[in-house]
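Structural description and commentary
One-letter residues, chain by chain:
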Amino acid sequence: MAGPNDVEDEQQQIGAFARFLISHHAPLLRSIVLSPDSNLHYPLLVDFAELLDFDPSLAHLFFSRPSHLLPLFDEAARRCQDVILENPDDLGHTASKKYHVHVRINVGGSPLESPETFPSIGRIRVKHRGILLTLKGTVIRSGAIKMIEWEQLYECRRCKHRFKVHPELEAGKSIKPPTSCPSTGSKTCEGTYFAPIEDSKVCHDYQEIKIQESTQLLGVGSIPRSIPVILMNDLVDMVKAGDDVIITGVLSAKWSSDLKDVRCDLDPILIANYVRRTNQLKSEIGIPDDVIKKFEQFWLHYKTAPLRGRNAILQGICPQVFGLFTVKLAVALTLIGGVQHVDASGTKIRGESHLLLVGDPGTGKSQFLKFAAKLSNRSVITTGLGSTSAGLTVTAVKDGGEWMLEAGALVLADGGLCCIDEFDSMREHDRATIHEAMEQQTISVAKAGLVTTLSTRTIVFGATNPKGQYDPNQALSVNTTLSGPLLSRFDIVLVLLDTKNPEWDAIVSSHILAMNGEQGSKNDEFIDNIWSVVMLRRYIHYVKQHFKPVLTKESERVISSYYQLQRRSAIHNAARTTVRMLESLIRLAQAHARLMFRNEVTQLDAIAAILCIESSMTTSAIVDSVGNALHSNFTDNPDEECIL
């Protein structure tokens, strides 16, 4: 029950915040007043840093008691509209007061970005309850939008005092009248019977989502934690499964369901005040200027021998694996990718490339998967069966009697890399939807009454074992359990066979023994000269952001001639010689141009793309080690061997 002093303090706080809004956000308030629809909910974004500069004591009080002050701040926003409406001549006839204005607090650039008030989800403790808290994570579940009773006006039967009652979100979201009259008159009312006032019920939009902390920030063996979040009014339907978000709100506790013979616990829950999507920041990496100069100096040094410089970069990819030049080149081109193209009708042609390794056990497939994940700022490693019930794409799950969408690996890796081991063991519903996810880069969902489209702008890097003994005379779809249409989604499919080759075995054994023998120190110096993982990650990110290669006439002629030759040939798989192959050639040529640090696709880039495609063929007249990329090695003088 609030006393006279409390009411006076509240009025002072409303007045102080109203002065802040008038001085800092008058144009935004004016635009809200001029909006035609009075039934909409309008957000009023306030920077906490500005409030801290204006009134430090008010800002500190708001930080420590946000649940109490947020309704007062909303009331201040409504009062500020009255001040603006005092001059109707400047506003026009459409100006009106809006009662559904909600103050949203942005803590960016303020002291609240410290680890104490911006912890990871796994470090939330009881001390964080009740304060203004900010959490960062990925949306893994999104529930349906519901309607909740938010306000009901009651009248005391005894003293006729009227008061508003709000629901307790922590205890079932239902409105319950108080046990005693909250009247603040001179005499205390002991009434216990209250009647609801007709047509006084106010309903708001309501949605529950669940966010999970990023696996990239966790150590080995750590389990990513998650927390449910309540969104209301203008915040509903802002995010969907797979989105990266930063949410500011108030940490509270919610009673778990009261099932028979089950202990009832308090589960943490975040009541959101402000939601910011950060999808555009998914792959952002800070690159210092001195590192960019190193890149430029590197290519200046290899100006006369560009292929030798390219091979120096490729040797930094999975250096513990000897040779495998074709695989390392394919990994680099896949991670870099081409340029997305959008035609006049709005149809998008993906720029991301996909890579599949088919090989015997012990040929290094998993090593490449794990190393590729290190080179991407956003990556998900899983198996074909999937790490969750959502599998690889998305599924509908029932949580607390409500159907929700749970994102799978491809959705969670949106904007990054999805590494899938045992690719042939994926679930049946994943096989039906992964075609769209890989080519159109979306997943259309219509499950349990939930209809939506999720984004999967993801690079897919798969690895699988052949079905039994690999038969080079049979098609790839026969040697694996993957269908031809699914295999055609991959830009590059490399086969790694552990065949008996005495010369290759002697080279590999010498390399492994040298790494662990007396020549270890020399090899350590060799590894130091190789590009580190951090440098490779920065280089891949830099060339993707700063280079948009354009095909030259010479490169177009090479790609066109090769494509027409493949169409005329009858010895190749028909699924691999469609227009999809032409698109793959263009993507790989653009990726090679980016790898070579230039904005122009030359003849050399087109030939490199063709070599990658030829390495995917069952038979080839160009590549000697075709059908088995395991025996491809780095040459001593690549520039001299390449004669255009």
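The numbers attached to residues start from 1 for each chain and follow its sequence in the written order. Local features are withheld for residues below a pLDDT of 70 in this predicted model, meaning they are given only at 70 or higher, and side-chain atom pairs are given and counted only at 80 or more; totals for whole chains, interfaces and linings count all residues. The basis for the side-chain values is all heavy atoms of the structure; hydrogens and waters are excluded.

Within an unreviewed UniProt entry, the label attached to the protein chain reads Probable DNA helicase MCM9, and the organism entered is Musa acuminata subsp. malaccensis. UniProt positions are given in the numbering used here, feature names are shortened, and annotations may be inferred rather than shown by experiment. The Sequence similarities (unreviewed entry) comment attached to the protein chain in UniProt states, word for word, "Belongs to the MCM family." Taken verbatim from the UniProt record of the protein chain, the Subcellular location (unreviewed entry) comment is "Nucleus".

Scored between 0 and 100, pLDDT is the confidence that the predictor attaches to each residue. Here the protein chain averages 78 in pLDDT, and 83% of its residues register 70 or above. Contacts for the low-pLDDT stretch residues 522-528, under 50 throughout, to residues beyond four places or in other chains number 4 contacts. Taken together, the stretch residues 619-627 has pLDDT below 50 and engages in 21 contacts with residues farther than four places along the chain or on a different chain. Pairs of residues are marked as contacts when any of their non-hydrogen atoms sit within 4.5 Å.

Moving on, we come to the packing of helix α17 (residues 553-568) against helix α19 (residues 603-615). Axis lines are fitted to C-alpha atoms, over the contacting stretch for helices. Their N-to-C directions set the angle, which ranges from 0 to 180 degrees. Only runs of H or I of at least four residues qualify as helices and only runs of E of at least two qualify as strands under DSSP, and these elements are numbered from the N terminus. At their nearest, the axes of α17 and α19 sit 7 Å apart, and the two run at 25° to each other. Classed by the angle they form, the pair α17 and α19 counts as roughly parallel. For α17 against α19, the interelement crossing comes out right-handed. Between α17, through Glu 554, Ser 555, Val 558, Ile 559, Tyr 562 and Gln 566, and α19, the contact on the second element is made entirely by Gln 603, Ala 606, Ile 610, Ile 613 and Glu 614. Any angle that is under 35 degrees is reported as roughly parallel, and any over 145 degrees as roughly antiparallel; angles of 65 to 115 degrees are reported as roughly perpendicular and all others as oblique. Crossing handedness is read from the near helix: turned anticlockwise from the far helix by less than a right angle, it gives a left-handed crossing, and turned clockwise, a right-handed one.

Attention shifts here to the nonpolar core. With 69 residues, the main nonpolar core has Val 331, Phe 368, Phe 461, Tyr 539 and Leu 595 as its most contacted residues. At 9 residues, helix α8 (residues 325-336) tops the list of elements feeding residues into this core. Ignoring sequence-local partners within four residues, the contact set of Phe 461 consists of Val 331, Leu 355, Leu 357, Phe 368, Leu 369, Ala 372, Leu 417, Cys 418, Cys 419 and Ile 420. Among buried residues, the Ala, Val, Leu, Ile, Met, Phe, Trp, Tyr and Cys ones that are joined through side-chain atoms within 4.5 Å form a nonpolar core. Each residue gets one of three labels from its accessible area relative to the maximum for its type: buried under 20%, exposed over 50%, partly exposed in between, using a 1.4 Å probe on protein chains only.

Oppositely charged side chains can pair when the atoms bearing their charge come close. Every case where a carboxyl oxygen of Asp or Glu lies within 4 Å of a side-chain nitrogen of Lys or Arg is listed as a salt bridge. Under the counting rule described, the total for this entry stands at 12 salt bridges. A salt bridge links Lys 164 to Glu 151; its shortest N-O distance comes to 3.7 Å. A residue pair is termed long-range when its members are at least 10 positions apart, and Lys 164 in strand β5 (residues 162-165) and Glu 151 in strand β4 (residues 146-156) qualify at 13 residues. With a relative accessible area of 18%, Glu 151 lands in the buried category. Here Arg 350 and Glu 439 are joined by a salt bridge, their closest N and O atoms 3.4 Å apart. Here the residue Arg 350 occupies a position in the loop between β12 (348-349) and β13 (355-359), and Glu 439 occupies one in helix α11 (residues 428-439), the gap between them amounting to 89 residues. A residue is classified by how much of its surface remains accessible, and Glu 439, at 13% relative accessible area, is buried. One connected set of salt bridges, linked through shared partners, spans Arg 350, Glu 439, Asp 491 and Arg 587.

For the rest of this paragraph, the subject is the pairing of strand β10 (residues 266-277). We call two strands paired when DSSP finds no fewer than two bridges between them. Looking at chain direction, strand β8 (residues 226-232) and β10 are connected through 2 bridges and run parallel. Paired with Val 229 across the bridge in β10 is Leu 270. When strand β9 (residues 244-255) meets β10, the two strands line up antiparallel, connected through 11 bridges. Looking at the pairing, Leu 251 lines up with Leu 270 of β10.

Moving on to helix α4 (residues 56-64). Within an α-helix, residues lying three or four positions from one another point in the same direction, as the helix has 3.6 residues per turn. The set of residues buried in α4 consists of Leu 58, Ala 59, Phe 62 and Phe 63. End-on view of α4: buried residues confined to an arc of 140°, all on one side of the axis. Seen from the open side of α4, the exposed residues pointing more than 90 degrees away from its buried face are Ser 57 and His 60. Along the arc lie the directions from the helix axis toward the C-beta atoms.

Moving on: unusual backbone geometry. Backbone geometry places Asn 233, a non-glycine residue, at a positive phi of 60°. For Asn 233, the location among the structural elements is in the loop between β8 and β9. Classification of Asn 233 as buried rests on a relative accessible area of 8%. At Cys 318, a position not held by glycine, the phi torsion is positive, near 50°. Checked against the element boundaries, Cys 318 lands in the loop between α7 (306-314) and α8. A relative accessible area of 0% means that Cys 318 is categorised as buried.

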